[in-house]
Amino acid sequence: MATAHISAALRAPSHPMAKAGYGKRHAPGEAPRGAADFAHLPAREAAIAGYIDRLPEGSAIGYKPLAEELSDYGQQACRSALDRLTRAGHLRRIKVHLTVDGGGKRWVTRTYFSRTARDAAWWAEFVRFIRGVDVTGQPAAVPEAPQAGPQADTVGEPPARSEAYDVLAGLGRKEPRLQLSDGECVVLEHLVDEWMARGAGREQVTHALVAGLPASVHSAGAFLRTRLENKMPPAPQPAGNVQQEEIVGAEMMCAFCDEDETTTTLIDGVCVDCRADIDRDEAAGETGDVPDTFLARPRQRPDVAARVAELRAAAGRGTLPLPRRR
């Protein structure tokens, strides 16, 4: 199963997206991506964490959609893996209360993923920060800012680069065929700016540019210009029709059910009942890899009768007689 663990992390999938406003979000202040990001985790959890890390924001990352896409694992295995990632401090499920123009309000559920493991205190502070309400009466401490993007190597202080430039400059590290020069990044920068102005995040732009590459890319700059122009997201609606949203509340939720911190006790992001269910499954050995009952695509099982007949013929014993009808 070692190969399966590696392939899960390296695959570049077409993963299902959650409903608008829901799904995966990256937590701020992550360390830059590296080969040893999840070396502290067991092989299965490291593979699934690597897979989630590379998904664009807004992806559905519950245990059921993960099991559908990762055929090496079943639903119970994915649930157990997500539990361990939650315990290790890599993700939390958070319910966010939004207000929109006209006084309307709605709740959305987001799963925040952090490549860098965080302790429970950091996640608690993060919820206070995104909520914008300090329940203790003290100013909410903002979690550390995201790491700076790549900068040109120059003598003296490097020139400030835009987020769009950083996205383009980072493509070569994900896909060597898309290595761009400084000049090419500058020329294409305005197209990425337009993507972002239309609501696309860094991860979404990167995924759209590196996914499904042809066998050969003769000119990275020309190829990316075509892809940026042809796959441009639709323009936003006129300002009069756009609903502005503001986060006015946030609550930590259990990673596996709809209970939140106001209605139940959460321990490392999981409620007591769900943790008991998972512990019971693990104790019964029901969270192993690829349980047939949870495979998204069931295995092809051998024809036992045909195999028996084949073995008997090879031994010169002939086939078994058919039972007589009474």
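Residues numbered from 1 in each chain as written. Predicted model: local features only at pLDDT ≥ 70, side-chain atom pairs only at ≥ 80, totals over all residues. Heavy atoms only, no water.

Visitor: Is there a simple way to explain the overall build of the protein chain in this structure?
Guide: Assigned secondary structure in the protein chain consists of twelve helices and six strands. The proportion of buried residues among the 326 residues of the protein chain is 41%. Across the protein chain, the fraction of contacts at a sequence separation of at least 24, relative to all contacts at a separation of at least 6, is 68%. Element-wise, carbon and sulfur atoms account for 53% of the exposed surface of the protein chain, whose accessible area totals about 18,200 Å². (Helix = DSSP H or I, 4+ residues; strand = E, 2+ residues; numbered from the N terminus. Buried < 20%, exposed > 50% of the residue type's maximum accessible area, 1.4 Å probe, protein only. Contact = heavy atoms within 4.5 Å. Areas by Shrake-Rupley, 256 points an atom, 1.4 Å probe, with all protein chains shown as cover.)

Visitor: Please clarify how the sheet that holds strand S3 (residues 105-113) should be interpreted in this entry.
Guide: Paired through backbone hydrogen bonds, the strands of a sheet run either parallel or antiparallel to each other. Reading across from one edge, S1-S3-S2-S4 is the order of the four strands in this open sheet, with mixed pairing throughout. Whereas interior strands pair on both sides, the edge strands pair on one side only; in this sheet they are strand S1 (23-26) and strand S4 (246-253). For this sheet, the mean angle separating the axes of adjacent strands, direction not counted, is 40°. (Pairing = 2+ DSSP bridges. Axes fitted to C-alpha atoms, helices over the stretch in contact; angles between N-to-C directions.)

Visitor: How should the side chain of Asp260 be read in this particular structure?
Guide: Here Asp260 shows up in the loop between S4 and strand S5 (266-267). Its relative accessible area of 6% is what places Asp260 among the buried residues. Separated by 2.4 Å, the side chains of Asp260 and Thr262 make a polar contact. Setting aside anything within four residues of it in sequence, one finds Asp260 in contact with Lys95, Glu251, Met252, Met253 and Leu266. (Polar contact = N/O pair within 3.5 Å; in protein donor to acceptor, adjacent residues only side chain to side chain.)

Visitor: Sorry if this is basic, but what is going on with the environment of Ser14 here?
Guide: Along the chain, the position of Ser14 falls in the loop between helix H1 (2-10) and S1. In sequence terms Ser14 and Ser59 are 45 residues apart; their C-alpha atoms lie 9.9 Å from each other.

Visitor: Explain helix H9 (residues 202-210) here, please?
Guide: Within H9, the full set of buried residues consists of Glu203, Val205, Thr206, Ala208 and Leu209. On its buried face, H9 sits against S1, helix H2 (43-53), helix H6 (163-169), helix H7 (171-174), helix H8 (182-197) and helix H10 (220-230). Residue Gly212 follows H9 closely and has a positive phi angle near 65°.

Visitor: Sorry, what's going on with the confidence of the model for the protein chain here?
Guide: Predicted coordinates in regions of low pLDDT should not be interpreted in detail. When pLDDT is averaged along the protein chain, the result is 77; 71% of the residues meet or exceed 70. Every residue in residues 134-142 is under pLDDT 50, and counting partners more than four places away or in other chains gives eleven contacts. Per-residue pLDDT stays below 50 along residues 145-157; that stretch engages in 15 contacts with residues further than four places along the chain or on separate chains. (pLDDT = per-residue confidence, 0-100.)

Visitor: It is not clear to me how the packing of aromatic side chains should be interpreted in this structure. Could you clarify?
Guide: Note on aromatic pairs: each is described by the distance of the centres and the angle between the planes. Counted by the stated rule, this structure contains six aromatic pairs. Here Phe38 and Phe113 contribute two aromatic rings whose centre-to-centre distance is 6.2 Å and whose plane-to-plane angle is 55°, an arrangement assigned as tilted. Note that Phe38 is positioned in the loop between S1 and H2 and Phe113 in strand S3, a separation of 75 residues in sequence. The residues Phe38 and Phe113 share a single accessibility class, namely buried. (Phe/Tyr/Trp six-rings, centres within 6.5 Å; stacked < 30°, edge-to-face > 60°.)

Visitor: For this particular structure, what's the right way to read H10?
Guide: Within an α-helix, residues lying three or four positions from one another point in the same direction, as the helix has 3.6 residues per turn. Inspection of H10 places Ala220, Gly221, Phe223, Leu224, Arg227 and Leu228 among the buried residues, and these make up the whole buried set. Within H10, the buried residues cover an arc of 160° as seen down the axis, which keeps them to one side. For H10, the elements touching its buried residues are H7, H8 and H9. (Arc of directions from axis to C-beta.)

Visitor: Is there a simple way to think about the nonpolar core in this case?
Guide: For soluble globular proteins, the rule of thumb is that nonpolar side chains tend to be buried together. If you look at the biggest cluster of nonpolar residues, it comprises 28 residues, and the most contacted ones within it are Ile48, Ile52, Leu85 and Phe256. If you list the elements that add at least two residues to this core, you get H2, helix H3 (63-69), helix H4 (75-87), strand S6 (270-271) and helix H11 (272-283). Residues within four places of Phe256 in sequence aside, it is in contact with Tyr63, Arg79, Leu82, Asp83, Arg93, Val270, Cys274 and Ile278. Formed by 23 residues, the second largest nonpolar core is a distinct cluster that contains Ala164, Val167, Leu171 and Leu224. (Core = buried A, V, L, I, M, F, W, Y, C linked by side-chain atoms within 4.5 Å.)

Visitor: Explanation requested: the pairing of strand S2 (residues 91-99) in the structure shown.
Guide: Within S2, nine of the nine residues are buried, leaving the element largely enclosed by the surrounding structure. Alternating positions in S2 separate into two faces, Leu91, Arg93, Lys95, His97 and Thr99 on one and Arg92, Ile94, Val96 and Leu98 on the other, with burial throughout. Relative to S3, S2 is paired through nine bridges, and the arrangement is antiparallel. By the bridge assignment, Thr99 is partnered in S3 with Lys105. Pairing of S2 with S4 involves seven bridges; the strand directions are antiparallel. The residue bridging Leu98 from the neighbouring strand is Ile247, located in S4.

Visitor: What is the right way to read the pattern of salt bridges from this model?
Guide: Two side chains with opposite charge may pair up if their charged atoms get near one another. Here the structure, examined in full by the defined rule, presents 18 salt bridges. Lys95 is the partner of Asp260 in a salt bridge, and the nearest nitrogen-oxygen pair spans 2.9 Å. Separated by 165 residues along the polypeptide, Asp260 in the loop between S4 and S5 and Lys95 in strand S2 bring together distant segments of the chain. Like Lys95, Asp260 is buried. For Glu125, the salt bridge is made with Arg128, and the minimal N-O distance between the two is 2.4 Å. Within this pair, Glu125 and its partner Arg128 are both found in helix H5 (residues 120-131), separated by three residues, close to a single helical turn. Via salt bridges that share partners, Glu30, Arg33, Asp53 and Arg115 belong to a single interconnected network. (Salt bridge = Lys/Arg side-chain N within 4 Å of Asp/Glu carboxyl O.)

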